[in-house]
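# Architecture and fold: a report
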Amino acid sequence: MAPTPRDRLATIVRYLGPKLVQFAFVIWATYTVTFLLIHFLPGDPVLAALSLKGGDATTTDPAELATLRAQYGLDGSLWQQYLGHFVSAIRGDLGVSIATGQPVADMVARALPNTAAVAALALLLGVVTAVVITFLAFVSPWRWLRQTLLQIPPLGVATPAFLSGLVLVSVFSFGLGWFPSSGSRNPLGVVLPAVTLALPVGAIFFQVFSAAVLDAMRGPYVFTAVAKGLSTRTIFLRHVLRNSLLPSVTILGLLIGYLAGGTAVVETVFSRDGIGRITVDAVLARDTNVIQGVVIVVALVYSVVNLLVDLSYGLIDPRTRPSLGGRRTLTTRVAAAREKAVVES
Amino acid sequence: MSRSTSQFSRWVAAPVATLAAVGLLAACSTPLASAEDTVIFAIKEDPTCLDPQQTSMTTALNIGRQVVDSLTDQNAETGEIVPWLAESFDTNDDLTAFTFTLRDDVTFSDDTALTATVVKANFDALAALGSAASLASQYLAGYESTVVTDDSTLTVNFSTPNAQFLQGTSTMTLGLVAEASAAATAEERCQSVIGSGPFVYDSYVPNDSVVIVKRAGYDWASTLREHSGEALVNTIEFPIITENGVRTGGLESGEFDIIQDLPYADEARFDTDDFNLYAKANTGVPNSLIPNTSRPIVSDDAVRHAMLLGTDREEIKTLAGATNSEPPTSALTSSTTGYVSQADAMEYDPEAAMALLDDAGWLEAADGIREKDGVKLSVSVTAFYAQDVLEAVQMQLKKIGIDLQLNMVTAGDFFGAIASGDYDFLGAALTRTDPDALRVLFSQAASSHWAIVDNAELEGVLAEQAQTADADARAALVEQAQALIIDNAYLIPTLETTQLHASVAKVNGVTFDSASRIVLYDVRIAE
Amino acid sequence: MSTPTRTTATPTSRRPRRLPPMLRTALSPGVLVAGLIVLAALAMMLLPGAIATHDPYTGIAADRLLAPNATYLFGTDHLGRDLFSRVVHGAFLSLASAGTAVLVGVFIGALLGLISGFVGGTLDFIVMRFIDVLIAVPSILLALIVVATLGFGPWSVALGVGLGAAGSFARIMRSQVVRVRNEEYVEAARTLGVRWPGILLSHILPNAGRPVIALAALELGTAILAVSALSFLGFGAQPPEPEWGALVSGGRDYVSTAWWLSILPGVVVLAVVLAVNRLARLIGGDR
């Protein structure tokens, strides 16, 4: 009996429901864990904030410091602070940064587009380069060329980002003058940071993607396609690519999560505003509100991306679509795909 | 020899040009102009707070100086206080009452006029801010009230004599803001203030840039400047470039017109005809090791004296200082008023240092570090900048058998250490124009003192100089304080810091004010 | 027409006798070079005194900022210290803290994954959600917080980086344990009366272990970079301790005037990470 639309809907809900619960749980748990962690941070956020303005005139008189601490609301029990912050966060009020006096939501809203621009361009460059190199390796008739091509991407993972960034600036900014060296005033300023990040991102993606491609190449349908006389390019695009999408999409999800938090070094070298930079500054300044705000946003991004990745499994690989047969098989398959991607990354 | 002459002339160019310009101003009135409308000045850190009354960060003050004016101005060469927004001023004999008469043509950028009431609002608001405006509160120590006599006259009253107040009125820390800004909260003021200066805040994107634009109708410049009337450029952009290599590279490639804080290592690279260098020696207490004499090993006089004699300040200057600076020779830098050289007591003498330690019972052990009664001669220094200076000191002290542990922390942790007293030595400088910096640092009665020492004589001298009106008497007390500090090795000076900035050759008109902050009122770009 | 290389179904009679694939890969030039580099790194780590040419902590002021030459193989820094000796002595801090980070990650992660996969049920669900959180928190933030809490220094950095990596290890271990647990030979063993601890030791761990070890080798490279990056941002060892990331960071002001201060330690990091990755892929069974 064919599944009715109502059955299909029920299956989707049964599949989606726990995912959404998981999504909410991860966000809440991340928030709580971070809250606990940063309250173990030694050091005085009030002093850190004062020293930003005060320079060598910063007051260290205990009485004055106590007054200021009360002013900033840093008294009150841990539980009170937690509840208060959590309730405000749900309402969208992420609090005020102790160090800079600006609302945290403003700071994050200002930094996120910068980071997103660099991350998006880096992902694009990295993925395209990885696919191109894999394709060239796939079609190359000479073994030595394939081996050489396969050795290039690992360089990307091994190069420290701060080094490649500095070298890129020296050569392309100051040497050739093609791109601005810093800042986000000039839209071209996004290129060099993106290239710096594209190296490790592309390399990681390449490792998963090429492994998936090689796997797919050994599949029986490729053998059939070759026997049918299809050109290599067609084989690659029509068969191999589609079948390597599953782990590739998974690693893409993980990479986006990594990029959401990991751009600190690049932003430092290129003097750009961004999530990574304000995170580092916030930890140095013990600016708890900013740390919390950043963590929530990053966890949100990460969870949304992973949710989308999970949902896309159904689109890419019909075998993973929720069948009336059982959720168990589905979960195992999806989990298997994910594990495979993680191992190969 | 001609090279050093041309170097010399470039170093002195800025202040000499100012004096020359002042002299010529009366006779010659060729209008100055700029070939370009925008100047790009790369700064090294995010100013965080744009209110010059609240912040003490040099970067923020360098920007704030262009946006607010002060009651008085101070001649950077002679130290003389001259009128600016206040046409005339007067102090009473015991430095407790200061009377100012204001110009009547000054307006703020929100078109409100400068009146005595506005000045009163400024000082009252500052006093209310208290330690949130830490430097200002030091200038306003003992502030009682401001009495407004009429629209243009006011008197500022203090409960105790305040020797630094008049000089303070020439700084941007006591620069005047409009009544609306004075009434705003501290956080609002940090975002932007309304001043009467030649420029106005246009935008501030944190971690990215600050932009200021020309104030139309500005006509009350200080007489110490090169021209009068409006500023010569329309816009000054301050991109925030934290990476030294990117800042210097940008200057070389022409992306930036001026950059703040040229690293000393790059001095030679920009010491050519294509660039101008601007140097101003910092005043106040030089970069030093500041002791906490309540700590076990630090309390040993012999150890501190040995450290004083065992630091080769010439070598530190070569390794970590500017080429044209002097090694420190007192508890004050050589450019501070009241400086008196203590060179004899501080001369590098590692033999004498080692002899001192031997006599005190600190004997050299197998690993090269001295020991006494099983305790290693190991002390720590807590600092949040100038790591290379401390590394050099570490190397030098190791040669005489002292193990100096470095503890590089964040600024917040540095002040946390001061607040809790948890340090052997602090590694820092205290940059102030007035020699009262010694009291701020050493007097145990001062609210945020850094050194922990126990010397009644020093305490007395420091307290007295803060209340002495007579310049000569005060100078004698300051000399006495320096001698006491060095003779007791309460300070181990390491480096006189010089502020070093650079610009492309076609930029003119960059000068320093008396507080070593940059004045951009006359800045212009030649053809 | 090009045919994708297939390693199965190759008629042996038509091909000359060759070494077994594993050994063949092991002797390929890439692996040999990688092995040499790793050995050199280990030597620097364990016997710095024998390899370094000068004292890494003392400098001669007159010799500052010299380019690489016969006396100073990598040149000197701004305090006149020999860069080569500092790189050699820095190997211990960099590699040991990276190694510690991986060990922390493997220990915590594999333990969690093992328990979770083995016990299953609600415990499994709870532990895996906790792992989800560990992965959701940006690893650099986690590392920063740990370092800021425990004090700056290479060991706090190692702990922070390790915690960040623990999540991946937990996931791998768990999935492998679940897979093996459901295998037929385990079921057979159970039927034969073998107790769970025995099954754990003789079946599950060996089979689950290999991907974990492969990942550990890969993570070593990542850990070296992460430790260096955190040193670069200022969170690492206190001066004058040399550490590769700190050396690159310290030299970045001199990129235009004394490029060797940043580039040479950076190249060393690059080479070691490349070598480690190559060997890791060998262990993992790739070509």
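Fair warning: this is a prediction, and the values are worked out from it, not measured in the lab.

This brings us to the overall build of chain C. When its secondary structure is counted, chain C shows 11 helices and zero strands. When burial is assessed residue by residue, chain C has 51% of its 287 residues classed as buried. For chain C, contacts bridging at least 24 residues in sequence account for 67% of all contacts bridging at least 6.

A count of helical and extended segments in chain B gives 17 helices and 25 strands. Taking 2.2 N^0.38 as the reference for a compact globule, 527 residues should give roughly 24 Å; the C-alpha atoms of chain B span a radius of gyration of 24 Å, in line with that estimate. For chain B, the C-alpha atoms occupy an extent of roughly 75 × 55 × 40 Å along the three principal directions. Going through the 527 residues of chain B one by one, you find that 56% of them count as buried. Counted over contacts in chain B with a minimum sequence separation of 6, partners at least 24 positions apart contribute 70%.

Our next topic: the interface of chain B and chain A. In this complex, chain B contributes 42 residues to the contact, which on the side of chain A involves 41 residues. Elements with a minimum of two residues in the side of chain B that touches chain A: α4 (134-139), α7 (186-191), α8 (244-253), α14 (411-420) and β19 (425-431) of chain B. Ranked by residue count, the leading element in the side of chain B that touches chain A is α14 of chain B, at seven residues.

Low-pLDDT stretches of the model should not have their predicted coordinates read in fine detail. Residue and element names in this part refer to chain C. The share of residues in chain C with pLDDT of 70 or more is 90%, and the mean pLDDT across the chain is 80. Counted against residues more than four places away or in other chains, residues 1-12, with its pLDDT under 50, gives eight contacts. Across the whole predicted complex the pTM is 0.82, and at the interface the ipTM reaches 0.75.

Moving on: unusual backbone geometry. Residue and element names in this part refer to chain B. Within the chain, D373 stands out as a residue other than glycine whose phi angle is a positive 55 degrees. By the secondary structure assignment, D373 is in the loop between β15 (370-372) and β16 (375-376). Accessibility expressed as a C-beta count within 10 Å gives 6 for D373, which makes it exposed.

The next subject is the environment of L188 of chain A. All names here are of chain A. Structurally, the position occupied by L188 is in the loop between α7 (161-175) and α8 (191-217). Measuring from C-alpha to C-alpha, the distance between L188 and S173 comes to 11 Å, with 15 residues separating the pair along the chain. In contact with L188, other than residues within four places in its own chain, are F179 and P180.

It is worth spelling out the interface of chain A and chain C at this point. Of the residues lining the interface, 48 residues belong to chain A; the matching set on chain C comes to 39 residues. Sorting elements by how many residues they give to the side of chain A that touches chain C places helix α1 (residues 5-39) of chain A first, with eight residues. Here the side of chain A that touches chain C is built from residues that sort into 35 nonpolar, 11 polar and two charged.

All names here are of chain C. As for its placement among the helices and strands, S156 is situated in helix α7 (residues 154-181). A residue is classified by how many C-beta atoms lie within 10 Å of it, and S156, with 20 of them, is buried. A sequence separation of 79 residues divides S156 from F235, and the C-alpha atoms of the two residues are 9.0 Å apart. Look past the residues within four positions of S156 in its chain and what remains in contact with it is V146, V147, L150 and G151.

Residue and element names in this part refer to chain B. Strand order in this open sheet of seven strands is β8-β9-β10-β1-β11-β21-β12, and the pairing throughout is mixed. Each having just a single partner strand, β8 (199-205) and β12 (275-281) make up the two edges of the open sheet. Bridging between strand β1 (residues 38-42) and strand β10 (residues 235-239) involves three bridges; their strand directions are parallel. In the sheet register, V39 faces β10, and the bridge partner there is I236.

Residue and element names in this part refer to chain B. Following both chains from N to C, one finds helix α10 (residues 313-320) and helix α13 (residues 387-399) inclined at 140 degrees, their axes separated by 10 Å at the closest point. By the angle between their axes, α10 is oblique relative to α13. Of the two elements, α10 crosses α13, and the hand of that crossing is right-handed. When α10 is examined against α13, the residues E315, I316, L319 and A320 are found in contact with a partner set consisting of D388, V389, A392, V393 and Q396. A per-class count over the contact of α10 with α13 returns six nonpolar, one polar and two charged.

We now examine helix α10 (residues 244-251) of chain C. Burial runs high along α10 of chain C: eight of the eight residues are buried. Taken residue by residue, α10 of chain C has W244, G245, A246, L247, V248, S249, G250 and G251 of chain C as its buried positions.

Let us look at the packing of helix α13 (residues 275-284) of chain A against helix α6 (residues 139-150) of chain C. At a minimum axis distance of 10 Å, the contact between α13 of chain A and α6 of chain C shows a crossing angle of 15 degrees. When the axes of α13 of chain A and α6 of chain C are compared, the pair comes out roughly parallel. Our pair here, α13 of chain A against α6 of chain C, has a crossing hand that is right-handed. Note on element contacts: α6 of chain C touches α13 of chain A through L141, L144, I145 and A148 of chain C, opposite T279, V280 and V283 of chain A. Of the residues contributing to the contact of α13 of chain A with α6 of chain C, the split by class is six nonpolar, one polar and no charged.

Thresholds applied
- Residues numbered from 1 in each chain as written.
- Chains lettered and ligands numbered in written order.
- Predicted model: local features only at pLDDT ≥ 70, side-chain atom pairs only at ≥ 80, totals over all residues.
- Helix = DSSP H or I, 4+ residues; strand = E, 2+ residues; numbered from the N terminus.
- Buried ≥ 20, exposed ≤ 12 C-beta atoms within 10 Å, placed from the backbone.
- Contact = placed C-beta atoms within 7 Å.
- Rg over C-alpha atoms; globule rule 2.2 N^0.38 Å.
- pLDDT = per-residue confidence, 0-100.
- Nonpolar A, V, L, I, M, F, W, Y, C, P; charged D, E, K, R; others polar.
- Pairing = 2+ DSSP bridges.
- Axes fitted to C-alpha atoms, helices over the stretch in contact; angles between N-to-C directions.
- Parallel < 35°, antiparallel > 145°, perpendicular 65-115°, else oblique.
- Left-handed = near helix turned anticlockwise from the far one by under 90°.

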